[in-house]
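# Coordinates in review
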Amino acid sequence: MFCEEEDEKGKENSLLSLFMKVDRYFMAKCFGQMQGLGIYPGQIPVLGMVSKKEGLSQKELAEILRIKPPTVTVSVQRLEKAGFLYKKPDEKDQRIARIYLTEKGKETKARALQRIRENESVMLEGFSETEQCLLRRFLKQILENIDKIQPE
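As named in an unreviewed UniProt entry, the protein chain is MarR family transcriptional regulator, taken from Blautia aquisgranensis.

### Comments concerning the side chain of Arg98
Here Arg98 lies in strand E2 (residues 97–101). The exposure class of Arg98 is buried, given its relative accessible area of 17%. A polar contact of 2.8 Å, which involves the side chain of Arg98, links it to the side chain of Asp90. Excluding residues within four positions of it along the chain, Arg98 makes contact with Gly55, Leu56, Ser57, Glu60, Tyr86, Lys87, Lys88 and Asp90.

### Comments concerning the pairing of E2
Along any regular strand the residues' side chains alternate between the sheet's two faces. Along E2, four of the five residues are buried, which leaves the element largely enclosed by surrounding structure. Judged from the five bridges that link them, strand E1 (residues 85–89) and E2 form a sheet pairing that is antiparallel. Of the residues in E2, the one forming a bridge with Lys88 is Arg98.

### What about helix H5 (residues 69–81)?
Spanning 13 residues, H5 covers 18 Å between terminal C-alpha atoms, matching the ideal 18 Å at 1.5 Å per step. Within H5, the full set of buried residues consists of Val72, Ser75, Val76 and Leu79. Projection of H5 onto a plane perpendicular to its axis shows the buried side chains occupying an angular sector of 100°, all on one side. For H5, the exposed residues set more than 90 degrees away from the buried face come down to Pro70, Arg78 and Lys81. Close packing links the buried residues of H5 with helix H3 (44–52), helix H4 (58–65), E1 and E2. Immediately beyond the C-terminal end of H5, within one or two residues, lies Gly83, with a positive phi of roughly 90°.

Rules used throughout
- Residues numbered from 1 in each chain as written.
- Predicted model: local features only at pLDDT ≥ 70, side-chain atom pairs only at ≥ 80, totals over all residues.
- Heavy atoms only, no water.
- Helix = DSSP H or I, 4+ residues; strand = E, 2+ residues; numbered from the N terminus.
- Buried < 20%, exposed > 50% of the residue type's maximum accessible area, 1.4 Å probe, protein only.
- Polar contact = N/O pair within 3.5 Å; in protein donor to acceptor, adjacent residues only side chain to side chain.
- Contact = heavy atoms within 4.5 Å.
- Pairing = 2+ DSSP bridges.
- Expected span 1.5 Å × (residues − 1).
- Arc of directions from axis to C-beta.

Have a look at this one:
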């Protein structure tokens with residue numbers, strides 16, 4: 001059969017291996033572009049989410065992005081230091097800091113998003129709309145399935 005792995009070469013083409021290669025290779029390509037904008041690719045989701053919903057706390061941001069709070073803390077600190085974000089105490093609970101984009105953050109997020117869209121377009125060249133739709137559906141299903149995996 002076409003997808004069966006019959007030899008050692010097949011291990012290099014396992015779905016997991018291919019997912020990891022695609023992720024690493026795409027991120028490596030984007031890394032240089034994002035560095036030119038003064039941000040790291042991992043910070044793009046933080047900028048994107050804060051731009052969608054300003055005033056989130058770091059805890060809320062971590063929950064929405066499904067990343068660990070210390071990771072969010074580091075990203076927010078670096079983005080704040082670079083002038084992309086600022087924090088403001090919550091009006092009702094001074095212990096909570098709310099996160100907002102600066103003008104520089106809004107401009108940089110827009111430029112980064114444009115580059116990511118361009119890169120995605122290049123990455124999906126040769127795929128029909130139907131194939132892209134199927135790929136999107138498959139990837140969403142994979143994410144849902146991964147949620148079912150129980151931690152040890």
